[in-house]
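Read off the chains here:
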Amino acid sequence: MLDADLENTKSMSIIVTKGSLDWAYPPFILATTAAAMDIETTMFFTFYGLPLLKKKLDLKMTTLGNPAMEMPMAGMHMKMPNMVSMIPGVDRAATTMMKNLMAKKGVASIEDLREAAVESDVRMIACQMTLDLFEYDKKDMIEGIELGGAATYMEVAAKSHINLFI
Amino acid sequence: MAEHTLNAEGLNCPLPILKAKKMLKGMASGDILKISATDPGSAADFAAFCTHTGNELLNSATEGDLYKFEIKRS
């Protein structure tokens, strides 16, 4: 390795706290890209981010509490008022619509990005407290993850150049 | 110096970068990777990728809707 490469070697940590379909993207996109750019990357999955480590993913999204959500439709943008989320089936339809749109636009699935993250040696830490709190079993999670708590994360964060909370 | 090609057309961020990285990993130093993509963000992204990783961006061009890149493996 050249000296220039060594100087360029950096590290990043991301705290992943959200597990909806839309919010799962930023951490996985940044983690896989960072790893591709030789940035040593650690992801710490806590609270609602933890289920993103489950073997079988079935990510959903809601129109609730998201006034900025506008879906492209027939050349226009359809607003998603909070209220429609109460109607049974609306969130499921919004999820399907988003997944179809992503496939059409060549956006990777979360499953694919997660696999890419594992392949590129992104370190994944599952929050032990969240695991206990929500009664998850490590057996239901993907292979290769570690368990750890706040101190485990802080040890990584203290020596990382970039620390994100998503 | 071997030449490799990557068709990243139709793929959106960050897939062109991830696929390019995967190919570069299996290439020898000095080999060339030719990439074609349709993601308009790829022009800025491949420049940033090369600056950070030390691989040399020999060429970055637009041909109609296609974005073409040539990267020399460091």
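Residues numbered from 1 in each chain as written. Chains lettered and ligands numbered in written order. Predicted model: local features only at pLDDT ≥ 70, side-chain atom pairs only at ≥ 80, totals over all residues.

A few points about the overall build of chain A
Looking only at helices and strands, one finds six helices and seven strands in chain A. Here chain A holds 166 residues, and 28% of them are scored as buried. (Helix = DSSP H or I, 4+ residues; strand = E, 2+ residues; numbered from the N terminus. Buried ≥ 20, exposed ≤ 12 C-beta atoms within 10 Å, placed from the backbone.)

Here's the deal with the environment of Ala94(A)
All names here are of chain A. By the element assignment, alanine 94 lies in helix H3 (residues 90-104). Assessed through the 23 C-beta atoms surrounding it within 10 Å, alanine 94 is described here as buried. Spatially, the C-alpha atom of alanine 94 lies 31 Å from that of alanine 35, the residues being 59 residues apart in sequence. For alanine 94, the contacting residues outside a window of four places in its chain are Met61, Thr63 and Met80. (Contact = placed C-beta atoms within 7 Å.)

As for the confidence of the model for chain B
For chain B, per-residue confidence averages 96 on the pLDDT scale, and residues scoring 70 or more make up 100% of the total. Confidence, expressed as mean pLDDT per element, reaches its minimum in chain B at helix H2 (residues 42-53) of chain B with 95 and its maximum at strand E2 (residues 32-37) of chain B with 98. (pLDDT = per-residue confidence, 0-100.)

Some points on the packing of helix H2 (residues 21-36) of chain A against helix H4 (residues 110-119) of chain A
All names here are of chain A. Contact pair H2 / H4: the axes reach a minimum separation of 9 Å and the direction vectors enclose 35°. Once H2 is placed against H4, the crossing between them reads as left-handed. Here Ala24, Phe28, Ile29, Ala31, Thr32 and Ala35 of H2 lie close against H4, whose contacting residues are Ile110, Leu113, Arg114, Ala116 and Ala117. When grouped by side-chain class, the residues that make up the contact of H2 with H4 number nine nonpolar, one polar and one charged. (Axes fitted to C-alpha atoms, helices over the stretch in contact; angles between N-to-C directions. Left-handed = near helix turned anticlockwise from the far one by under 90°. Nonpolar A, V, L, I, M, F, W, Y, C, P; charged D, E, K, R; others polar.)

A short note on the interface of chain B and chain A
Bring the parts together and some accessible area is lost; that lost area is often taken as the interface size. Listed by partner, the interface residues are twelve residues for chain B and 15 residues for chain A. Counting only elements with at least two residues in the side of chain B that touches chain A, the list comes to helix H1 (15-25) and H2 of chain B. A per-element tally of the side of chain B that touches chain A places H1(B) first, with four residues. Class assignment for the residues of the side of chain B that touches chain A results in six nonpolar, five polar and one charged.

Focus on the nonpolar core
Counting 47 residues, the largest nonpolar core has Ala31(A), Met43(A) and Phe45(A) as the members making the most contacts within it. For this core, the leading source of residues is H2(A), giving seven residues. (Core = buried A, V, L, I, M, F, W, Y, C linked by C-beta atoms within 7 Å.)

Some thoughts on unusual backbone geometry
Here Cys13(B) and Pro14(B) are connected by a cis peptide whose omega angle stands at 5°. Among the structural elements, Pro14(B) can be located in the loop between strand E1 (3-8) and H1. The backbone of Asp121(A) sits at a positive phi, close to 60°, despite the residue not being glycine. By the secondary structure assignment, Asp121(A) is in the loop between H4 and strand E5 (123-127).

Details of the sheet that holds E5(A)
All names here are of chain A. Taken in spatial order, the five strands of this open sheet run E6-E5-E2-E1-E7, and their pairing is parallel. Since the sheet does not close on itself, it has two edges, and those belong to strand E6 (146-148) and strand E7 (162-165), each with one partner. Taking each pair of neighbouring strands and ignoring which way they run, the sheet shows an average axis angle of 20°. Taken together, the six bridges between strand E1 (residues 11-16) and strand E2 (residues 40-45) define a ladder with parallel strand orientation. When the sheet's bridge partners are listed, isoleucine 14 is paired in E2 with methionine 43. The strands touched by helix H6 (residues 150-158) are E1, E2, E5, E6 and E7; relative to E1, the strand with the most contacts, the crossing angle is about 145°. (Pairing = 2+ DSSP bridges.)

What about the pairing of strand E4 (residues 76-79) of chain A?
Residues and elements named next belong to chain A. Summarising the sheet, strand E3 (residues 70-73) and E4 pair through four bridges and their orientation is antiparallel. Paired with methionine 71 across the bridge in E4 is methionine 78. With antiparallel pairing between neighbouring strands as the criterion, E3 and E4 make up a hairpin whose turn holds two residues, including alanine 74 at a positive phi of roughly 50°.

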